[in-house]
Amino acid sequence: MAFLSLDNIDKVYSGGKQEPVVALKHISMVCEEGECICIVGSTGCGKTTLLRLIAGLEQPTAGRALMAGKRITDINPDATLVFQQYSLFPWCNVIDNISFSLALKGMDKNIRYEKVRELIELVGLAGFEKAYPYELSGGMQQRAAIARALAYNPKMLLMDEPFGALDERTRHRLQEELLTIWEREKKTIIFVTHNIDEAVFLATRIYIMRDSPGSIEQEITVDLPRPRQRQSKEFIDLHIRIRNILGKILDRESK
Amino acid sequence: MRKRLLLGLILPAFILVIWELIARAVDNPALIPSVGAVLNRLLHPFNDLLSTGHYIHHISASGIRVLMGFTIAVCIGVPLGLLTGRIAALYSVVNPIIEFLRPICPIAWIPLAMVVFKTYTVADIFGAHYTRTIFGDIQIGMLFVIFYGGFFPIFINTVHGVISVKNIYIESARLLGCDKKRLFRKVILPSALPSVLTGLRIGLGTAWLVIVAAEMLPGSEAGLGYLIIYSYELADMDIMITSIILIGAIGALLSYGVKLVEDRTSTWQAKER
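Sequence positions are assigned chain by chain, starting from 1 and proceeding in written order. Numbering of ligands from 1 and lettering of chains from A proceed in the order in which they are written. Totals for whole chains, interfaces and linings use all residues, but because this is a predicted model, local features are given only for residues with pLDDT of at least 70 and pairs of side-chain atoms are given and counted only at 80 or more.

Enquirer: Lay out the overall build of chain A in plain terms, naming residues and giving numbers.
Expert: Within chain A, the secondary structure is distributed over eight helices and 10 strands. Seen through its C-alpha atoms, chain A measures out along the principal axes to roughly 55 × 50 × 35 Å. Backbone-placed C-beta atoms define the burial measure: a residue is buried with 20 or more other C-beta atoms within 10 Å of its own, exposed with 12 or fewer, and partly exposed in between. Counting over 255 residues, chain A shows a buried share of 42%. Contact criterion: two residues are in contact if their C-beta atoms, reconstructed from the backbone, are within 7 Å. Here the contacts in chain A between residues at least 6 apart in sequence split such that 67% fall between residues at least 24 apart. Numbering of helices and strands runs from the N terminus, with a helix taken as a DSSP run of H or I at least four residues long and a strand as a DSSP run of E at least two residues long.

As structure tokens, then:
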């Protein structure tokens with residue numbers, strides 16, 4: 001039994017008088033425990049919708065989403081989602097945001113602050129514990145949101161272009177940190193991005209999506225050794241191969 | 001800070017000068033009292049006014065009425081607003097009647113309040129009318145009108161605060177293990193708080209605003225509004241003007257007090273675009 005399996009999923013949005021929009025069509029994918037799957041595709045191809053289905057925030061119109069063989073019918077307790085938009089609670093400071101899930105568990109203030117200290121250092125926010133989200137830059141907010149998700153310690157991390165707003169150096173550093181956590185904590189990660197370099201660097205497998213309607217174009221297993229070298233021939237070859245596939249999709253659509 | 005204070009004093013000083021000039025030109029204290037006469041009243045708040053008691057007595061009468069009416073408005077407006085914002089069906093039930101009642105000026109209800117509540121006071125309800133207490137000065141009709149003025153801003157701002165909680169905060173909390181029960185306390189309440197406080201500030205202002213009208217209800221023997229009517233009947237303009245000035249000053253203070261609380265708890269919302 002697969003850890004996560006999506007079985008021939010369709011998602012149609014029918015909003016009132018407007019034409020129904022087919023966001024996803026015939027999506028099937030499996031994800032084993034401990035994988036790091038990247039989903040690559042152009043904006044608006046339904047990547048976010050896919051994550052929301054896995055998180056249990058939405059239900060498919062047809063088909064089934066299964067977690068360990070059980071249908072996801074409500075909020076998926078084994079997963080948390082790092083949103084693309086800023087999602088920190090504006091009325092909480094950084095440390096209260098990050099330790100939000102621990103407070104829900106009834107953990108004492110001092111204990112939960114101590115517990116997230118390492119995470120705060122990991123995402124480079126030491127010294128900003130008492131700062132409020134409005135006092136942080138976009139990149140810092142996103143790093144806090146990642147730390148908040150990690151503090152919840154779910155089996156599966158769903159990430160919706162979490163590094164999109166970051167500069168390249170920070171982005172590379174956080175990619176490496178994410179891999180460290182992934183290896184150490186044996187997490188399962190589903191990572192949505194439109195950055196090919198990011199996908200090749202992180203993924204055990206890559207799903208390439210095409211849009212209107214969103215569906216899977218191709219699945220690629222990445223078996224490059226880690227740590228991956230961005231300058232290596234294999235890395236560059238794979239990068240070009242994916243870019244060509246995405247390019248073909250674009251060509252087909254513009255015709 | 002000091003500069004802002006000085007700038008803020010320019011207009012009041014200007015008005016005082018103009019007022020004094022006009023008072024001297026008219027030279028009739030039954031029409032326009034001099035600045036000095038009013039200042040004298042303000043400086044001696046414990047002096048008796050036409051055998052109705054002193055200013056502190058009237059201020060506390062008005063103050064307690066407003067606070068009681070306002071408290072009732074808060075106790076009903078905030079919980080009802082929170083529920084209405086959360087439950088779509090309740091919103092559909094309540095909203096039309098709220099939108100109908102809201103534009104009716106509280107003063108329009110005064111004659112009806114007079115008929116319905118007559119001159120019953122809070123003391124009558126508690127059966128304490130045999131001794132003279134401050135509750136003997138608080139007519140039910142007055143409370144009703146003050147409540148009416150305070151309720152709508154409180155209710156409407158609370159509903160607005162709850163409705164405009166961003167979905168991403170609710171979804172984030174749910175995905176961090178927050179069940180539906182705790183969602184209210186952990187996300188909806190803190191997110192709506194700035195709007196609720198704005199409602200309280202406006203509601204308190206409105207409650208204070210209608211006090212003059214409420215104190216025109218018969219049976220009233222105290223309060224700043226009562227003083228205005230009474231001094232009008234006796235053509236004592238300096239008591240009238242002093243009462244008006246006090247109403248303005250106290251209203252500004254009340255608003256400033258709530259604003260302090262608001263600023264302490266709602267900085268994040270002001271800074272959020």
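Enquirer: Please provide a residue-by-residue account of the overall build of chain B, values included.
Expert: Looking only at helices and strands, one finds 13 helices and zero strands in chain B. Each helix and strand of chain B, placed in order from N terminus to C terminus, yields the pattern α-α-α-α-α-α-α-α-α-α-α-α-α. If one aligns the C-alpha atoms of chain B with their principal axes, the spans along those axes are about 75 × 55 × 30 Å. Among the 273 residues that make up chain B, the fraction classed as buried is 36%. Pairs at least 24 apart in sequence give 72% of the contacts found in chain B among residues at least 6 apart.

Enquirer: Outline the interface of chain B and chain A, listing residues and values.
Expert: With 15 residues of chain B in contact, the opposing surface of chain A contributes 18 residues. Of all elements in the fold, only helix H8 (167-174), helix H9 (180-209) and helix H13 (267-271) of chain B reach the threshold of two or more residues within the side of chain B that touches chain A. Each residue receives one of three labels: charged for Asp, Glu, Lys and Arg, nonpolar for Ala, Val, Leu, Ile, Met, Phe, Trp, Tyr, Cys and Pro, and polar for the others, Gly being one of them. In the side of chain B that touches chain A, the residues fall into seven nonpolar, three polar and five charged.

Enquirer: How would you summarise the domain arrangement of chain A if you had to cite specific residues and measurements?
Expert: Interface size is often expressed as the accessible area that is lost when the parts come together. Residue and element names in this part refer to chain A. Domain ranges listed in this record stem from an automatic or a database domain assignment. Per the domain assignment, the segments making up chain A are domain 1 (4-78 + 156-254) and domain 2 (86-153). Put simply, the middle of domain 1 and the middle of domain 2, counted by C-alpha atoms, are 26 Å apart. In terms of residue count, helix H6 (residues 168-185) provides more of the side of domain 1 that touches domain 2 than any other element does, four residues in total. Split into classes, the residues belonging to the side of domain 1 that touches domain 2 amount to six nonpolar, one polar and one charged.

Enquirer: Residues and numbers for the pairing of strand S8 (residues 188-193) of chain A, please.
Expert: Residues and elements named next belong to chain A. Counting buried positions along S8 yields six of six residues, so the element is predominantly enclosed. The two faces of S8 match: Thr 188, Ile 190 and Val 192 on one face and Ile 189, Phe 191 and Thr 193 on the other face are all buried. Two strands pair if DSSP finds at least two bridges between them. Summarising the sheet, strand S3 (residues 36-40) and S8 pair through five bridges and their orientation is parallel. Bridging from a neighbouring strand, Ile 37 pairs with Ile 190 of S8. Alignment of strand S7 (residues 156-160) against S8, held across five bridges, turns out to be parallel. Across the sheet, residue Met 156 finds its bridge partner in S8, namely Thr 188. For the crossover that starts at S7, traverses H6 and ends in the parallel S8, the hand is right-handed. Call a crossover right-handed when, viewed with both strands pointing away from you, the route from the first strand across the helix to the second goes clockwise.

Enquirer: Explain the packing of helix H3 (residues 55-86) of chain B against helix H11 (residues 224-233) of chain B to me, and be specific about the residues and the numbers.
Expert: Residue and element names in this part refer to chain B. The axes used here are C-alpha line fits, helices contributing only the stretch in contact, and every angle between their N-to-C directions lies in the interval 0 to 180 degrees. Running from N to C, H3 and H11 cross one another at 125 degrees; their axes reach a closest spacing of 8 Å. Between H3 and H11, the angle is such that the two are oblique. Residue-level inspection shows His 58, Ile 59 and Ser 62 of H3 in contact with H11, the latter providing Leu 224, Gly 225 and Leu 227. Here the residues of the contact of H3 with H11 sort into three nonpolar, three polar and no charged. For classification purposes, angles smaller than 35 degrees are called roughly parallel, those larger than 145 roughly antiparallel, those between 65 and 115 roughly perpendicular, and all remaining angles oblique.

Enquirer: How would you explain unusual backbone geometry if you had to name every residue and give the values?
Expert: Between Arg226(A) and Pro227(A) the backbone carries a cis peptide bond, its omega angle lying at -5 degrees. Relative to the helices and strands, Pro227(A) resides in the loop between strand S10 (215-221) and helix H8 (233-254). Residue Glu161(A) is not a glycine yet carries a positive backbone phi of 40 degrees. Owing to 21 C-beta atoms within 10 Å, Glu161(A) belongs among the buried residues under this scheme. Positioned with a positive phi, Asp27(B) is a non-glycine residue whose angle comes to about 55 degrees. Relative to the elements of secondary structure, Asp27(B) occurs in the loop between helix H1 (2-26) and helix H2 (35-43). Classification of Asp27(B) as exposed rests on a count of 10 C-beta atoms within 10 Å.

Enquirer: With reference to specific residues and values, describe the packing of helix H7 (residues 140-163) of chain B against H9(B).
Expert: All names here are of chain B. Packing of H7 against H9 brings their axes to within 7 Å, and their N-to-C directions diverge by 160 degrees. Looking at the two axes, H7 sits roughly antiparallel to H9. In this structure, the crossing between H7 and H9 has a hand that is right-handed. Its residues assigned to classes, the contact of H7 with H9 comprises 13 nonpolar, 11 polar and no charged. Working rule for handedness: look at the near helix, and if it is turned counterclockwise from the far one by less than a right angle, call the crossing left-handed; if clockwise, right-handed.

Enquirer: Explain the environment of Thr158(B) residue by residue, including any values.
Expert: Residue and element names in this part refer to chain B. As for its placement among the helices and strands, Thr 158 is situated in helix H7. Separated by 31 residues in sequence, Thr 158 and Leu 189 have C-alpha atoms that sit 9.9 Å apart. Contact partners of Thr 158, with chain neighbours within four places excluded, come to Gly 77, Val 78, Gly 81, Leu 82, Gly 85, Ala 192, Ser 195, Val 196 and Gly 199.

Enquirer: Describe in detail the nonpolar core, supporting the description with residues and values.
Expert: Residues and elements named next belong to chain A. Buried Ala, Val, Leu, Ile, Met, Phe, Trp, Tyr and Cys residues whose C-beta atoms connect them within 7 Å together make up a nonpolar core. By size, the foremost hydrophobic cluster in this structure holds 79 residues, and its most contacted members are Ile 54, Ala 147, Leu 158 and Ile 190. Looking at this core element by element, the count peaks at nine residues for helix H5 (residues 138-152). Of the residues that make up this core, three or more belong to each of domain 1 (4-78 + 156-254) and domain 2 (86-153). Apart from residues lying up to four places away in sequence, Ala 147 is in contact with Ile 98, Val 116, Leu 119, Ile 120, Leu 122, Val 123 and Leu 125.

Enquirer: Just give me the short version of the sheet that holds strand S5 (residues 70-71) of chain A, but keep the residues and values in it.
Expert: Residues and elements named next belong to chain A. If you trace the four strands from one edge of the open sheet to the other, you get S2-S1-S4-S5, paired in antiparallel fashion. The sheet terminates laterally at strand S2 (21-31) and S5, the two strands that pair on one side only. Alignment of strand S4 (residues 62-67) against S5, held across two bridges, turns out to be antiparallel. Counterpart to Leu 66 in the pairing with S5 is Arg 71.

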